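So you can see what is in the structure, the chains are spelled out below.
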Amino acid sequence: MLGSVEGASVLDLFAGTGALGIEALSRGAERAVFVERDASVARVLNGNLAALGIDSDAAEVRRVDALEALQSARARKETYDLVFIDPPYGRARPTPSAPPSADRWGPELSAILPSLLSPGARVVVESDRRAPLELELALERRRCYGDTSITIHRHQ
């Protein structure tokens, strides 16, 4: 769906095991920043990068909250060509044991993301189609696979 990512600077928010950013690196992206706040998951991510021989010149793991990572990146005047956003799905109605649904991230991400995007950058969002994460960016393509929605936005 994305075509070439050759030479891209990638941001993988809510990185988890790093599958999306690692795939971009394997397809020619120049560098990836992985944001994962959970310490145990970040250890798995670092292990995956090490097992694949991906060094710190190509990949950086930031163990912070997604919004904190974005604010910090903006302060450093970083820009990205490709951003992956795959927040925890949670539930439409949060409970003490389940986080809120991904749709709550839309306004905050829409406010800060444009300052981090290079011209023509793409933002790929994966979320539950019943509670999609909506961004105020130009829509390029949307596909649903079962309960999963994949949306690609393009920065003008």
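From a predicted model like this one, the values you see are computed outputs, not experimental measurements.

## Quick notes on the pairing of strand S7 (residues 148-154)
For S7, the buried fraction is high: five of the seven residues fall into the buried class. Taken together, the seven bridges between strand S6 (residues 138-145) and S7 define a ladder with antiparallel strand orientation. Bridge pairing in S7 places Tyr145 opposite Thr148. What sits between the antiparallel neighbours S6 and S7 is a turn of two residues, in which Gly146 has the positive phi angle 60 degrees.

## A few points about the side chain of Arg122
One can find Arg122 in strand S5 (residues 117-128). Non-local contacts of Arg122, meaning those with residues more than four positions away in its chain, are made with Leu2, Gly3, Ser4, Val5, Asp81, Leu82, Val83, Glu140, Ile152, His153 and Arg154.

## Here's the deal with the sheet that holds S5
Backbone-to-backbone hydrogen bonds join strands into a sheet, with any given pair of strands oriented parallel or antiparallel. Taking strand neighbours across the sheet as the criterion, the seven strands line up as S3-S2-S1-S4-S5-S7-S6 in an open arrangement whose pairing is mixed. Bordering the open sheet on either side are strand S3 (59-62) and S6, each of which pairs with just one other strand. Geometrically, the sheet is characterised by an average inter-axis angle of 15 degrees between neighbouring strands, direction not taken into account. Across four bridges, the pairing between strand S1 (residues 9-13) and strand S4 (residues 80-85) is parallel. Bridged to Val10 within S4 is Leu82. The strands touched by helix H2 (residues 39-51) within the sheet are strand S2 (31-35) and S3, with S3 carrying the most contacts at an inclination of about 170 degrees. Helix-sheet contacts for helix H3 (residues 66-75) involve S1, S2, S3 and S4, and the interaxial angle to S1 is about 150 degrees.

## Thoughts on unusual backbone geometry
In this model, Phe14 sits at a positive phi of 50 degrees, which is unusual for a non-glycine residue. If you trace the backbone, Phe14 turns up in the loop between S1 and helix H1 (19-26).

## Regarding the nonpolar core
In terms of nonpolar packing, the biggest core is built from 25 residues, with Leu13, Leu70, Ile85, Leu109, Val123 and Leu135 touching the most fellow members. Those elements that provide at least two residues to this core are S1, S2, H3, S4, helix H4 (106-112) and S5. Counting residues per element, this core draws most heavily on H3, which supplies five residues. Those residues within four positions of Leu135 in sequence are excluded, and the remaining contacts are Ile85, Gly106, Leu109, Ser110, Leu113, Val123, Val125 and His153. Counting residues in hydrophobic clusters, the runner-up holds 21 residues, among them Leu2, Val10, Ala59 and Leu82.

## As for H1
Those residues of H1 not exposed but buried are Gly21, Ile22, Ala24 and Leu25. Projection of H1 onto a plane perpendicular to its axis shows the buried side chains occupying an angular sector of 155 degrees, all on one side. Those residues of H1 that are buried lie in contact with S1, S2, H2, S3 and S4. Looking one or two residues beyond H1, the residue adopting positive phi is Gly28, at roughly 110 degrees.

Definitions and limits used
- Residues numbered from 1 in each chain as written.
- Predicted model: local features only at pLDDT ≥ 70, side-chain atom pairs only at ≥ 80, totals over all residues.
- Heavy atoms only, no water.
- Buried < 20%, exposed > 50% of the residue type's maximum accessible area, 1.4 Å probe, protein only.
- Helix = DSSP H or I, 4+ residues; strand = E, 2+ residues; numbered from the N terminus.
- Pairing = 2+ DSSP bridges.
- Contact = heavy atoms within 4.5 Å.
- Axes fitted to C-alpha atoms, helices over the stretch in contact; angles between N-to-C directions.
- Core = buried A, V, L, I, M, F, W, Y, C linked by side-chain atoms within 4.5 Å.
- Arc of directions from axis to C-beta.

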